[in-house]
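Chain and residue survey
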Amino acid sequence: MKKTILTLLVACSMITPAFAAFNGPATAAVNTVKQANDAADDSAVLLTGNIIESIGNETYLFKDETGQIQIEIDDEDWMGVDVTPNDRVVIRGEVDSEWNTPKIDVDSVQKI
């Protein structure tokens, strides 16, 4: 019995609590298309604007007051949100500048 309790205590002490979080400075997200076009690969983005056109193959054209940029939204990342070119949205993701022209790899879309 004592061995079992000791084993459980040791096992529990090795588990990281589910509520643990990072408490420190964060890198600010890129907030405009103009900034995204100049940002480093994998920079976090939080853009507000409109998805104005479907280019095909999960690629769309996004526009805010500073310009336009291609974005890629995987089908599963839409999460059931229906959007028209007239709807303002917030997109979260990261810059993908592995090729010549930067794009945004979108993780989530929220209609506002």
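Rules used in this analysis
- Residues numbered from 1 in each chain as written.
- Predicted model: local features only at pLDDT ≥ 70, side-chain atom pairs only at ≥ 80, totals over all residues.
- Heavy atoms only, no water.
- Core = buried A, V, L, I, M, F, W, Y, C linked by side-chain atoms within 4.5 Å.
- Buried < 20%, exposed > 50% of the residue type's maximum accessible area, 1.4 Å probe, protein only.
- Helix = DSSP H or I, 4+ residues; strand = E, 2+ residues; numbered from the N terminus.
- Contact = heavy atoms within 4.5 Å.
- Phe/Tyr/Trp six-rings, centres within 6.5 Å; stacked < 30°, edge-to-face > 60°.
- Lys, Arg positive; Asp, Glu negative; His and termini not counted.
- Salt bridge = Lys/Arg side-chain N within 4 Å of Asp/Glu carboxyl O.
- Pairing = 2+ DSSP bridges.

Observations regarding the nonpolar core
- Judged by nonpolar contacts, the single largest core of 19 residues is most densely connected at I51, F62, I71, I73, I91 and I104.
- Breaking this core down by element, the ones donating at least two residues are α2 (33–38), β1 (44–56), β2 (59–64), β3 (67–73), β4 (88–96) and β5 (103–111).
- In contact with I71, other than residues within four places in its own chain, are I51, E58, T59, Y60, F62, I91, I104 and V106.

Re the packing of aromatic side chains
- Inspection of every chain in the model, using the stated rule, returns one aromatic pair.
- Ring geometry for Y60 against W78: centres 5.5 Å apart, planes inclined by 85°, an arrangement best described as edge-to-face. Residue Y60 is located in strand β2, and its partner W78 is located in the loop between β3 and β4; the two are separated by 18 residues in the primary sequence.
- Here W78 falls in the buried class, since its relative accessible area comes to 15%.

Some thoughts on the side chain of D77
- Within the element layout of this structure, D77 appears in the loop between β3 and β4.
- No salt bridge forms around the buried D77; measuring N to O, its nearest opposite-charge neighbour R92 is 12 Å away.
- With residues up to four places along the chain from it excluded, the contact list for D77 reads V106, D107, S108 and V109.

Looking at the environment of I51
- Tracing the chain through its elements places I51 in strand β1.
- The buried category is assigned to I51, whose relative accessible area is 6%.
- In sequence terms I51 and T84 are 33 residues apart; their C-alpha atoms lie 7.3 Å from each other.
- Setting aside its immediate chain neighbours within four residues, I51 contacts Y60, L61, F62, I71, I73, W78, T84, P85 and V89.

A closer look at the pairing of β2
- Burial analysis of β2 places five of its six residues in the buried class, the great majority of the element.
- With five bridges connecting them, β1 and β2 associate as antiparallel partners. Within β2, the residue paired with I51 across the bridge is F62.
- A loop of two residues connects β2 with β3, the two strands running antiparallel in sequence.

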